[in-house]
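Summary of the model geometry
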Amino acid sequence: MIPLDDTDRRLLRLMAEDAGAGAGALGRRVGLSQPATWRRMKRLEEAGAIRRRRADLDLAKLGFGVTVFLGVKIGTRGRAPVEDFERAVSAIPEVQSVEHILGLYDYRLRVTARDIADFERVLRRRIMTLPGVAGVDANVLLSEERLPGPLG
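Residues numbered from 1 in each chain as written. Predicted model: local features only at pLDDT ≥ 70, side-chain atom pairs only at ≥ 80, totals over all residues. Heavy atoms only, no water.

We now examine the packing of aromatic side chains. To describe a pair of aromatic rings, you give the distance between the ring centres and the angle between the ring planes. Under the criterion given, the structure shown has 1 aromatic pair. Ring plane angle 45 degrees and centroid distance 4.7 Å describe the contact between phenylalanine 85 and tyrosine 107, whose orientation is recorded as tilted. A residue pair is termed long-range when its members are at least 10 positions apart, and phenylalanine 85 in helix 4 (residues 79-89) and tyrosine 107 in strand 3 (residues 107-113) qualify at 22 residues. Under the relative-accessibility criterion, tyrosine 107 is labelled buried at 1%. Over the ring of phenylalanine 64 we find arginine 114, and its NZ or CZ is 4.5 Å from the ring centre. (Phe/Tyr/Trp six-rings, centres within 6.5 Å; stacked < 30°, edge-to-face > 60°. Helix = DSSP H or I, 4+ residues; strand = E, 2+ residues; numbered from the N terminus. Buried < 20%, exposed > 50% of the residue type's maximum accessible area, 1.4 Å probe, protein only. Lys NZ or Arg CZ within 6 Å of the ring centre and 35° of its normal.)

Here you go:
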């Protein structure tokens with residue numbers, strides 16, 4: 001665990017809101033100079049608290065109007081089917097995230113598609129044909145609200 005003070009926590013919250021903000025802009029919001037803010041950001045990155053920064057894309061404006069969460073049950077137990085599934089599912093561009101979970105399903109996938117017909121094509125031709133897939137349950141995303149997380 002990385003020791004954090006209140007300024008670190010505030011800086012991390014601001015970075016989570018806007019990954020593209022520079023050290024100068026962030027420093028003004030937390031009351032530090034640009035160099036002091038940059039040093040804190042660098043320390044947090046080197047300590048592993050910040051894995052990466054990324055853009056928050058508006059998928060609907062890019063033509064991907066449907067997001068579906070899939071619960072995937074793997075039929076054959078054992079290390080090889082799981083590794084084969086993970087390798088194969090990671091190669092599907094419509095799959096935005098792969099989460100290995102405990103519970104009713106073995107994996108939770110976040111899949112984006114242009115529309116329902118496009119999603120059905122991805123499901124039938126790509127996901128249902130993956131190694132070890134025994135069952136799938138789908139939940140269509142209606143709306144999403146991002147929460148600040150544990151530092152908020």
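Attention now goes to the layout of surface pockets. In this structure, the largest pocket spans a volume of roughly 1700 Å³. For the lining of the largest pocket, the element with the highest residue contribution is helix 1 (residues 6-17), accounting for 5 residues. A class-by-class count of the residues in the lining of the largest pocket yields 18 nonpolar, 7 polar and 15 charged. (1 Å grid on protein atoms, 1.4 Å probe; cavity = no way out; pocket = protein on both sides within 12 Å on 5 of 7 lines; lining within 4 Å. Points joined across faces, edges and corners; volume = space filled by probe spheres on them. Nonpolar A, V, L, I, M, F, W, Y, C, P; charged D, E, K, R; others polar.)

The 4 strands are arranged 2-3-1-4 in an open sheet whose pairing can be described as antiparallel. Every other strand in the sheet has two partners, leaving strand 2 (95-100) and strand 4 (133-140) as the edge strands with one partner each. Between one strand and the next, the sheet's axes are offset by a mean angle of 20 degrees, whatever the strand orientation. Pairing analysis gives 7 bridges linking strand 1 (residues 66-74) to strand 4, with the strands arranged antiparallel. Bridge pairing in strand 4 places valine 68 opposite valine 140. (Pairing = 2+ DSSP bridges. Axes fitted to C-alpha atoms, helices over the stretch in contact; angles between N-to-C directions.)

Here aspartate 8 lies in helix 1. Sequence-distant contacts of aspartate 8, that is, excluding residues within four places in its chain, are made with Pro3, Arg40, Arg43 and Leu44. (Contact = heavy atoms within 4.5 Å.)

So, about the side chain of glutamate 94. Tracing the backbone through its elements, the reader meets glutamate 94 in the loop between helix 4 and strand 2. The contacts of glutamate 94, once residues within four sequence positions are left out, are Arg110, Val111, Thr112, Arg121, Val122 and Arg126.

At their nearest, the axes of helix 1 and helix 2 (residues 23-30) sit 10 Å apart, and the two run at 130 degrees to each other. As summarised for this structure, helix 1 and helix 2 are arranged oblique, according to the angle between their axes. The hand of the helix 1/helix 2 crossing is right-handed. Contacts between helix 1 and helix 2 involve Thr7, Arg10, Leu11, Leu14, Met15 and Glu17 on the former and, on the latter, Leu26, Arg29 and Val30. Residue composition of the contact of helix 1 with helix 2, by class: 5 nonpolar, 1 polar and 3 charged. (Parallel < 35°, antiparallel > 145°, perpendicular 65-115°, else oblique. Left-handed = near helix turned anticlockwise from the far one by under 90°.)

Our focus in this paragraph is the packing of helix 1 against helix 3 (residues 34-46). For the pair helix 1 and helix 3, interaxial distance at closest approach is 11 Å and the crossing angle is 80 degrees. Comparing their axes, helix 3 and helix 1 come out roughly perpendicular. The segment helix 1 lies against helix 3, with Thr7, Asp8, Leu11, Leu12 and Met15 engaging Thr37, Arg40, Met41, Arg43 and Leu44. Classifying every residue of the contact of helix 1 with helix 3 by side-chain character gives 5 nonpolar, 2 polar and 3 charged.

Now for a nonpolar patch on the surface. Residues Ile116, Val140 and Leu142 make up a contiguous nonpolar surface patch of about 340 Å² in total accessible area. As for its position among the elements, valine 140 is in strand 4. (Patch = residues over 30% accessible without salt bridge, like charges linked within 9 Å, V, L, I, M, F, W, Y side chains within 5 Å. Areas by Shrake-Rupley, 256 points an atom, 1.4 Å probe, with all protein chains shown as cover. Salt bridge = Lys/Arg side-chain N within 4 Å of Asp/Glu carboxyl O.)

Judged by nonpolar contacts, the single largest core of 19 residues is most densely connected at Leu70, Val72, Phe85, Leu109, Val111 and Ile127. Here the element with the most residues in this core is strand 1; it accounts for 5 residues. Non-local contacts of isoleucine 127, meaning those with residues more than four positions away in its chain, are made with Leu70, Ile92, Val95, Leu109, Val111, Val122 and Val133. Of all hydrophobic cores here, the second largest spans 11 residues; its members include Ala23, Leu26, Met41 and Ile50. (Core = buried A, V, L, I, M, F, W, Y, C linked by side-chain atoms within 4.5 Å.)

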